[in-house]
Amino acid sequence: MCGIVAYIGKRDVTPILIEGLKRLDYRGYDSAGLVIARDGKLTLRKSAGRIASLESKLDHSLDGSTIGVAHTRWATHGAPTDINAHPHTDQSGRIALVHNGIIENYRTLTRYLESEGVQVESETDTEVLAKLVGHFYEGCLEDAVRKALREVRGTFGIAAISAEEPDKLVAARRGSPLILGIGKEEFLIASDAAAIIQHTANVIYLEDNEVLVVDRDGYKTTNLDATPVTKEVEAIEWTLEQIELGGFSHFMRKEIYEQPEALRTCLRGRLDMDEARVQLGGLAHVARELIKAKRIILTGCGTAWHAALIGEYLIEELARIPCEVEYSSEFRYRNPIVEDGTVLISISQSGETIDTLAALREAKNKGAMALGVVNSVGSTIARETDAGVYLHVGPEIGVASTKAFVGQVTVLAMIAAFLGRRSHLSPAACDQYLRTLATVPDVIEKTLVLDEQCREIAAEYADAGNWLYLGRGLQYPIALEGALKLKEISYIHAEGLPAAEMKHGPIALISEDMPVVILAPRGHWYEKVIGNIEEVRSRGGRVIVVATEGDTEVAKLAEHVLFVPEIDELLAPLVTVVPLQMLAYHAAVLRGCDVDKPRNLAKAVTVE
Ligand code: G6P
C-alpha cells in the first residue's frame, strides 16, 4: 500500500527519492509523486501509473535540491489519476504533504474549509489535510501540522514540507508506520525500512500521535501537544541483499527457495534438545501466566489466518488448551467474549495489517493477554503485544506470502511445544517432535526439486478457469493456502475445501475441465483422502496429488503425483505447501502475470 520516503541531507535529493520509491514498489501502488524544495520554492511532479512514468516527468529543474518528499499512492479516495496522486498542496501552494492512511472525517473538514473560503480540488482525503495545515499555518510548519492533526479522525503517516521553511521536514503518525533513518549528515523518513536500508541501519520508530521534526542539524520528537518525547535509536537487522533479486526472476521464487535457510534462522537457538523443550525469549516473562490460559484466540488475515488454523490444531494437540481462529476483520467488530484467562495470538508478517492491529487492541481492551507472531521487527503489532515471537525469516517482498507463512507455522509449532512441555507433553514425546521440527529446513530443501514438475503441471492446466484444492485435518489449511496462492497471482479462480465437504455441494462442479489438487500425505486421514480421490476421479476430474515419497498406490489413482519426503503428519503442512507455492508461481508466470505485484493487492493492508 502507500509508501513514503523523504530526505534531508547534502546529496542531490531526486535520485534518492526515486530509488526509495522503487524499494517500496513491492507494497503495491497505482500512482507516484514527489516534491523538492530549492531557492525558496517547491517543485512538484506527480503521475498516475508506475514510478517510470513519474521519472519521465523529471527534468533538470529538480537538480541540486537536497530536501524532498516522495510518495507511492494506492487509491482509496478517488481514482488513481495525476491530480489525486500525492503530494498535495495547501491553498498557497507553499506547503506540500504526502499521506498514508485514511482521514475518516474528511467530509466534515472539507465543509469547514469551504466555509472558510478554501477550495478542495482533488477527490482525496489527503488534500483536505494539506489545506487544513495551510489554514493553520502561521510561520511554523510543525505547529500547523499539530493543530491540523488534532482535528483529524482516522489514520495517518504523513510527511510535510514548506517553502517558507525549506530546511525542515515534519512527519507524524497514527496507525500508519513511519521511521526515521539517521545517516551521516543526512536523515530519511520512510514508511518502510526497505527505503532506508541502503543508506543507514540506525532508525527510530515513531509511535502513534508522535510528531517528528527534522532539520539540517538534527531531529526532535514530540506528541501532538508539543510535549517532547525521547526516542531510542534501534538497528534494522535486514540487509540490502535480502531485498534484492540476487539473480532470481521474481522475489516470490527467491523467497520460495529461501525457505530452508529462513527456517534455520527461525529455529536457531530456540530448540533445546538437551532438555527437550523450546526456548522462546520473547515469551519467558509471561510463561507462568500463559500456561494458565483457558482459551487461545488466534487472529490474522489472508495467509496469516491459514497459519492460525494450523496453530489451533497444534496447540490443542500438544498443549490441550482450547483454541479458536478468527479473521481479524470479523473479531474486531463483533463484540467478542474475552473472559479471564483468554490469550490472543496476533499473526502478521508485516505487523501493520490494520484489521489485525484493531483486533489486538480490542482484545487488550477487554483484558486479554496479547502475543504477537510477527516478522517485521519493531512493527506496530510487535510493539503493542505483551509478548511475542519474531519469525526472523528476513524481509518478504513478493506480495504472495511464502517464507513468512512457513515461518508463522514454525513459530506456532514452537509455541505449541513451549506450552505443551509445561503441561501435558512428556519429555520423550516433545523430544521426538522437536527432532522432527529441526529436520524441516532440510526436508523443504529436498522438496524444492519438484520445481520443474510443478512447471509442467502448471503448463498443462494454466488455461483452466477453476481449480479445487482438497485436504483434511492439518492439510485443510494447506488446501486453502494453495488456492489463495493461485488466486492471488495467476487470477485463476480456486477454492480450498475440507475434502469431506466436497460431496455437500462442490462435487457438482467436477468435470474434466477441473484440475483438483488433493493433499494426501501419509497420516491418519490418508485412507479417507484416498476415498475422496476416487470420488473426483469417477466424475472425470483431473487429479493432482501431493503424496508421500514411495506411495505407489496413490500414483495409480492420480494423473500427476508430487512426491514429498516423509515427515511426521503434525509438521507435514510445512512441506506439502511448497509444491503448491510452486504450482501457483508457474501458473502465474505462464499466464504472463506480474507475480510479485499482482493486480489490486498490496503487501501490507494498512487501511480498512
Ligand atoms: C495482504 C497480503 C497477504 C497477507 C495478508 C496479511 O492481504 O496480500 O499476502 O497474507 O495481507 O498480511 P500480514 O502482514 O498481516 O501477515
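Before going further, it helps to spend a moment on empty space enclosed by the protein. By the definition in use, this model includes 6 cavities of 30 Å³ or more. D192, A193, W238, S376 and V377 are the residues nearest the centre of the largest cavity, which is lined by 26 residues in total. Here the residues of the lining of the largest cavity sort into 12 nonpolar, 6 polar and 8 charged. When residues are assigned to domains, the lining of the largest cavity turns out to be shared by domain 1 (3-236) and domain 2 (244-425), each giving three or more. The space that makes up the second largest cavity amounts to roughly 90 Å³. For the lining of the second largest cavity, the class distribution of residues is 8 nonpolar, 2 polar and 3 charged.

Glancing now at the pairing of strand β25 (residues 542-548). A large share of β25 lies buried, amounting to 6 of its 7 residues. Of the pairings in the sheet, the one linking strand β24 (residues 515-520) to β25 comprises 6 bridges and is parallel in character. Bridge pairing links A520 to A547 in β25. Handedness of the β-α-β unit built from β24, helix α17 (residues 526-537) and β25 comes out right-handed. Two strands pair when backbone bridges link them, and β25 and strand β26 (residues 560-564) are joined in this way by 5 bridges, in the parallel orientation. Each bridged residue has a counterpart across the sheet, and for I544 the counterpart in β26 is H560.

A separate point is the site of the ligand. Around the ligand, a shell composed of 15 residues is seen, among which T303, S348, Q349, S350 and T353 lie nearest. One nitrogen or oxygen atom from the side chain of T353 is found 2.5 Å from an oxygen atom belonging to the ligand. Within the contact set of the ligand, an oxygen atom lies 3.2 Å away from a backbone nitrogen or oxygen of V399. For the ligand, whose free accessible area comes to 380 Å², the fraction covered by protein is 90%. Judged by the fraction of its atoms near the pocket grid, the ligand is located in the largest pocket.

All told, the structure shown has 6 aromatic pairs when counted by the stated rule. Judged by centre distance (5.8 Å) and plane angle (40 degrees), the rings of F248 and Y257 are tilted. Between W467 and Y469, the aromatic rings sit 6.2 Å apart at their centres with planes inclined by 15 degrees, giving stacked as the arrangement. Classification of W467 as buried rests on a relative accessible area of 1%. Since its relative accessible area comes to 0%, Y469 is described here as buried. An aromatic cluster of three or more residues is present, and its members are Y461, W467 and Y469. Over the ring of F418 we find R422; its NZ or CZ atom is 3.9 Å from the centre of that ring. A cation over a ring is seen here: R599 above Y491, with NZ or CZ 3.9 Å from the ring centre.

Scanning all chains against the criterion turns up 51 salt bridges. Measuring nitrogen to oxygen at the nearest pair gives 2.4 Å for the salt bridge that ties D192 to R27. Note that D192 is positioned in the loop between β10 (187-190) and β11 (202-205) and R27 in the loop between α1 (13-24) and β2 (31-38), a separation of 165 residues in sequence. Taken individually, D192 and R27 each receive the classification buried, so the pair is uniform in this respect. Linking E164 and R94 is a salt bridge whose minimum nitrogen-to-oxygen distance equals 2.7 Å. Here R94 lies in the loop between β5 (88-89) and β6 (95-100) and E164 lies in the loop between β7 (156-162) and β8 (165-174), a separation of 70 residues in the sequence. R94 gets classed as partly exposed once you look at its relative accessible area, which sits at 27%. Through salt bridges with shared partners, one network takes in E142, D143, R146, E165, K168 and K220.

This paragraph deals with the domain arrangement of the protein. What the domain assignment reports for the protein is domain 1 (3-236), domain 2 (244-425) and domain 3 (449-590). Residue-level contacts link 10 residues of domain 1 with 12 residues of domain 2. Between domain 1 and domain 2, a total of about 860 Å² is buried, with carbon and sulfur atoms accounting for 46% of that surface. Taken as a group, Y26, R173 and Y205 account for 47% of the area that domain 1 buries against domain 2, more than any other trio of residues on that side. For the pair domain 1 and domain 2, the number of links is 3 salt bridges. Its salt-bridge partner being R383, residue E207 comes within 2.5 Å of it at the nearest N-O pair. Of the residues contributing to the side of domain 1 that touches domain 2, the split by class is 4 nonpolar, 2 polar and 4 charged.

Cut-off values and rules
- Residues numbered from 1 in each chain as written.
- Predicted model: local features only at pLDDT ≥ 70, side-chain atom pairs only at ≥ 80, totals over all residues.
- Heavy atoms only, no water.
- 1 Å grid on protein atoms, 1.4 Å probe; cavity = no way out; pocket = protein on both sides within 12 Å on 5 of 7 lines; lining within 4 Å.
- Points joined across faces, edges and corners; volume = space filled by probe spheres on them.
- Nonpolar A, V, L, I, M, F, W, Y, C, P; charged D, E, K, R; others polar.
- Domains from an automatic or database assignment.
- Buried < 20%, exposed > 50% of the residue type's maximum accessible area, 1.4 Å probe, protein only.
- Helix = DSSP H or I, 4+ residues; strand = E, 2+ residues; numbered from the N terminus.
- Pairing = 2+ DSSP bridges.
- Right-handed = clockwise from strand over helix to strand, strands pointing away.
- Near = heavy atom within 4 Å.
- Polar contact = N/O pair within 3.5 Å; in protein donor to acceptor, adjacent residues only side chain to side chain.
- Areas by Shrake-Rupley, 256 points an atom, 1.4 Å probe, with all protein chains shown as cover.
- Sits in = over half its atoms within 2 Å of the grid points.
- Phe/Tyr/Trp six-rings, centres within 6.5 Å; stacked < 30°, edge-to-face > 60°.
- Lys NZ or Arg CZ within 6 Å of the ring centre and 35° of its normal.
- Salt bridge = Lys/Arg side-chain N within 4 Å of Asp/Glu carboxyl O.
- Contact = heavy atoms within 4.5 Å.
- Buried area = accessible area lost by both parts, 1.4 Å probe.

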